[in-house]
Amino acid sequence: MYANVIVDISHEKLDKTFQYLVPAGLENEIEPGVCVEIPFGNRKITGYVVEITENPEFDVDKIKPLCNIVKGSVAVEASLVALASWIRKNYGATMNQALKTVIPVKKSVKEVTKRTIYLNIDDIKARAQLALCEAKHQKAKARLLRELIEKKELEYSVVTGELKISTAAINSLEESGFITIKSATEYRKPINNTENEVYDKVLNEQQQAVVDAVETDIAAGKKNRVFLIKGVTGSGKTEVYMELIDKCVKRGQQAIVLIPEIALTYQTAMRFYVRFKDRVTIMNSKLSPGERYDQFKRAKNGDIDIMIGPRSALFTPFSNLGLIIIDEEHETSYKSESVPRYHARETAIEYAKMNDAVVVLGSATPSVDSYYKAKKGEYRLLELKTRVADKPLPECEIVDMRTELKNGNRSILSERLQQLIQDRLDKKQQIILFINRRGIAGFMSCRSCGYVVKCPHCDVSLSQHAQGRMICHYCGYEQPAPKICPKCGSKYISGFKAGTQKIEEMINMRFPTAGTIRMDYDTTRKKDSYEKILQAFRNHEADILIGTQMIVKGHDFPDVTLVGVLAADMSLNVNDYRAAERTFQILTQAIGRAGRGRYPGNAIIQTYEPEHFAIQTAKEQAYEAFYDKEIEYRKMLRYPPVWNMLVLLITSDGQEEVQNRSEDVAKLIESIISQSEKKIQMIGPADAGISKINDVYRKVIYIKTEQYETLVSIKDFVDKSIRDNIKYKKISLQFDFNPVNGF
Ligand code: ADP
Ligand code: ZN
Ligand code: ZN
């Protein structure tokens, strides 16, 4: 038997399998996914078995035997190895990088074991032995026997601790066969709830209809189906997911629930926990390596049925996966920002196909991609049109900030918003003020010469932080804020603190009695601080929550009856074809935070572009109208999802090098285009949106064409052409298919 092995070194030159002989005695243990030690050149390295075969690929005498299985390594499921191979092909990566992606837990972490001591003889014999020990003045042994006769079993740590019995005495009794010591693994559990809340919700009619639709298809044997649940905010999607999971588990299958990392809070986890108790667990970056490893083991051992987590939770090693749910499916965080740049939605659909499982996507504002596929019939569209218990959607108004200025209001808060804030404060209801930007701190510039304080290593401006610090959000570079302009010496250099801090200051001035709480980069750097801020707000420790996009994602604050959106158009003015989609989604989500509890809500959208269709349709919560307009634009400009797009990111620490090699790569691509019968468009090479990060220069080339496969073959061609070519030694090249973020 031979094992084809991928070596654990991510280098293009080594991105192929190497064949080894499986030594006698290991035949039963070596299988695809196992981590092995192999001779490589004159050293020993590790690798992953991806295939077992009886066919030698070259001279049998020259095939070396592999050494052994790596101790403490974690084997990958065979289906995940197949998935890794798909990821490699469809997104561009070495097989080793792809394997690393599907193994969220690489090494075993010491398991916590609990040892228990039992009597190994019956009561009569034990009493006889006890008498003997007493006669011999073996006090420790006698004490242990006496306790065991009474309690039947004792925890090892209690025996050595409180009972003060030496391990020598314990060992001696064990060797004589009077007692036995049993060890069992005690898994670390990230959710622990002692409250015994009972799950008591009954689905309403429209929720039940969605569940029935999915279940009917499953019962009819329609496997590999993808469902898209489009349900307005607060329509009870989570309850629908839980019902579907319940049915899946009762069929003896397991379920994976993907949610954006930021939405995975204690509150979300608890909703699932109340219903599924110990059969559910979570996986996220906040868990310790030990906790992560244990969740992985619990899944492998069949101790849990449901895994909740961000995109990497997709790779949970379940034995009989039946259902994958992707909540807030429009979120861009489902796309990996490092190689392989896989999209969890597409990868989940592929993985479900391999496992004959069903995929359920859910969102109040489906991605244009998914809605397009649903309209074409690739996904089945299901809808939840009203909020639970017919709670009305918030009433929404747009305020034109240009008119405010004309009327002499120079504040960042419009008259109308101030008026409503006062009203809610009087009523003791809560308010969310949302600044529509991703960064949080402002930059600094000179009002005499226009100089902007930038990072010396990156092509971005530095952000202002507390205590006069300036920080680069790309490389972490830090410096104190300059007092005079470094370029012209003017003292009129100051910050555009349009950030959360500035708004909090303004609110505190205008509404001195209101309690405010701020959520941003500075206040959420500590572990758990994010959770604590949300909890404090939920407990009414503040009246107003101020923050950026992180505060509007999926949270449920029943007492919030007013949402103010400041600078709604900020997300429109970015150089990205998805800007309108992003803006529509974030505004709809933000508006949806209001009026989820007893009282109806209001929302105010402040903007300088009140006529923009993304803002108009968000105000009306008119998804269809937004989509129709947006898809027209995508069709016209041949953007995804109508066509597919591949971006090549070429980087190097030499400015000239990156320029010349990018032009060479573009020529390579032109040669394919000229020979191809397909319509293919290429744009570039051009500077990336951020042309330098950490002293590395960045260029991009965009390629658009209708068929995804055409792009895959272009990727393969470019990859092959430059891989062994010494000319390209100093550059690095990355591929990104249908990118969700600009470069
Ligand atoms: P969504 O995920 O669509 O925003 P949720 O599932 O969070 O909506 O539901 C909104 C609120 O309504 C939650 O507090 C939830 O507990 C409640 N809810 C949902 N469905 C029901 C139901 N059938 N009966 C009672 N309450 C429900
Ligand atoms: Zn200046
Ligand atoms: Zn920097």
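Fair warning: this is a prediction, and the values are worked out from it, not measured in the lab.

Looking down a regular strand, the side chains alternate between one sheet face and the other. Across the six residues that make up strand β14 (residues 358-363), a large majority, six, are buried. As paired elements, strand β9 (residues 226-231) and β14 share five bridges and run parallel to each other. Directly across from I229, in β14, lies its bridge partner G362. Here strand β13 (residues 321-327) pairs with β14 via five bridges, running parallel. Bridging across to β14, I326 finds its partner in L361. Each parallel crossover has a hand, and the one from β13 via helix α11 (residues 344-355) to β14 is right-handed.

What follows is about the coordination of the zinc ion (ligand 3). Here the zinc ion (ligand 3) is held by the protein donor atoms C455 (SG), C458 (SG), C472 (SG) and C475 (SG), which lie 2.3 to 2.4 Å from it. Sequence spacing of the donors to the zinc ion (ligand 3): C-x2-C-x13-C-x2-C. Of this pair, C455 sits in the loop between β18 (444-446) and β19 (463-465) while C475 sits in the loop between β20 (469-471) and β21 (478-480), placing them 20 residues apart in sequence. C455 sits in the buried class, given a relative accessible area of 5%.

Further remarks concern the sheet that holds β20. Pairing within the open sheet is antiparallel, and its three strands lie in the order β19-β20-β21. Of all strands in the sheet, those with a lone pairing partner are β19 and β21, marking the two edges. Recorded for the sheet is a direction-independent mean angle of 35° between the axes of neighbouring strands. As paired strands, β19 and β20 are joined by three bridges and run antiparallel to one another. In the sheet register, Q464 faces β20, and the bridge partner there is M470.

In this section: the sheet that holds β13. Taken together, the seven strands give an open sheet; going across it, the order is β11-β12-β10-β13-β14-β9-β15, and neighbouring strands pair in parallel fashion. Of all strands in the sheet, those bounded by a partner on one side alone are β11 (280-282) and β15 (380-384). Here the average twist between neighbouring strands, direction ignored, is 20°. Against the sheet, helix α8 (residues 237-250) makes contact with β9, β10 (254-258), β12 (306-309), β13, β14 and β15, and its axis sits at roughly 170° relative to β13, the strand it touches most. Relative to β11, helix α9 (residues 266-276) is tilted by about 160°, and along the sheet it contacts β10, β11 and β12.

Take the pattern of salt bridges next. Tallied over the full model, the rule gives 43 salt bridges. Note that D423 and K427 form a salt bridge whose closest N and O atoms lie 3.0 Å from each other. The exposure class assigned to D423 is partly exposed, which follows from its relative accessible area of 25%. With a closest N to O distance of 3.2 Å, K619 and E620 form a salt bridge. For K619, a relative accessible area of 26% corresponds to the partly exposed category. For E620, a relative accessible area of 51% corresponds to the exposed category.

Near ligand 1 you find 16 residues, and of these V202, Q207, G234, K237 and R271 are the closest. Side-chain polar atom of D556 to an oxygen atom of ligand 1: 3.4 Å apart, as the coordinates give it. Top contributing element to the shell around ligand 1 by residue count: α8, with three residues. Considered class by class, the residues forming the shell around ligand 1 number four nonpolar, six polar and six charged.

Let us look at the environment of G476. If you trace the backbone, G476 turns up in the loop between β20 and β21. For G476, a relative accessible area of 45% corresponds to the partly exposed category. Note: C-alpha distance between G476 and C455 (21 residues apart in sequence) is 9.4 Å.

Between two aromatic rings, the relevant description is the distance of the centres plus the angle of the planes. The tally for this structure, following the rule as stated, stands at 14 aromatic pairs. Plain terms: the ring middles of W86 and Y91 are 5.7 Å apart, the flat faces sit at 75° to each other, and that makes the pair edge-to-face. Put simply, the rings of Y371, F584, F613, Y623, F626 and Y627 touch in pairs and so form one group of aromatic residues. For the cation-ring pair, R115 lies above Y156, with the distance from its terminal atom to the ring centre recorded as 3.9 Å. The cationic tip of K704 hangs over the ring face of Y639; the distance from NZ or CZ to the ring centre is 4.3 Å.

The next subject is the environment of D212. Structurally, D212 can be placed in helix α7 (residues 205-219). Along the backbone, D212 and L244 are 32 residues apart, and their C-alpha atoms lie at a distance of 9.2 Å.

Rules used throughout
Residues numbered from 1 in each chain as written. Chains lettered and ligands numbered in written order. Predicted model: local features only at pLDDT ≥ 70, side-chain atom pairs only at ≥ 80, totals over all residues. Heavy atoms only, no water. Buried < 20%, exposed > 50% of the residue type's maximum accessible area, 1.4 Å probe, protein only. Helix = DSSP H or I, 4+ residues; strand = E, 2+ residues; numbered from the N terminus. Pairing = 2+ DSSP bridges. Right-handed = clockwise from strand over helix to strand, strands pointing away. Donors = N, O, S within 2.8 Å, 3.2 Å for Na, K, Ca; no water. Axes fitted to C-alpha atoms, helices over the stretch in contact; angles between N-to-C directions. Contact = heavy atoms within 4.5 Å. Salt bridge = Lys/Arg side-chain N within 4 Å of Asp/Glu carboxyl O. Near = heavy atom within 4 Å. Polar contact = N/O pair within 3.5 Å; in protein donor to acceptor, adjacent residues only side chain to side chain. Nonpolar A, V, L, I, M, F, W, Y, C, P; charged D, E, K, R; others polar. Phe/Tyr/Trp six-rings, centres within 6.5 Å; stacked < 30°, edge-to-face > 60°. Lys NZ or Arg CZ within 6 Å of the ring centre and 35° of its normal.

All we've got here are geometric facts, nothing functional implied.
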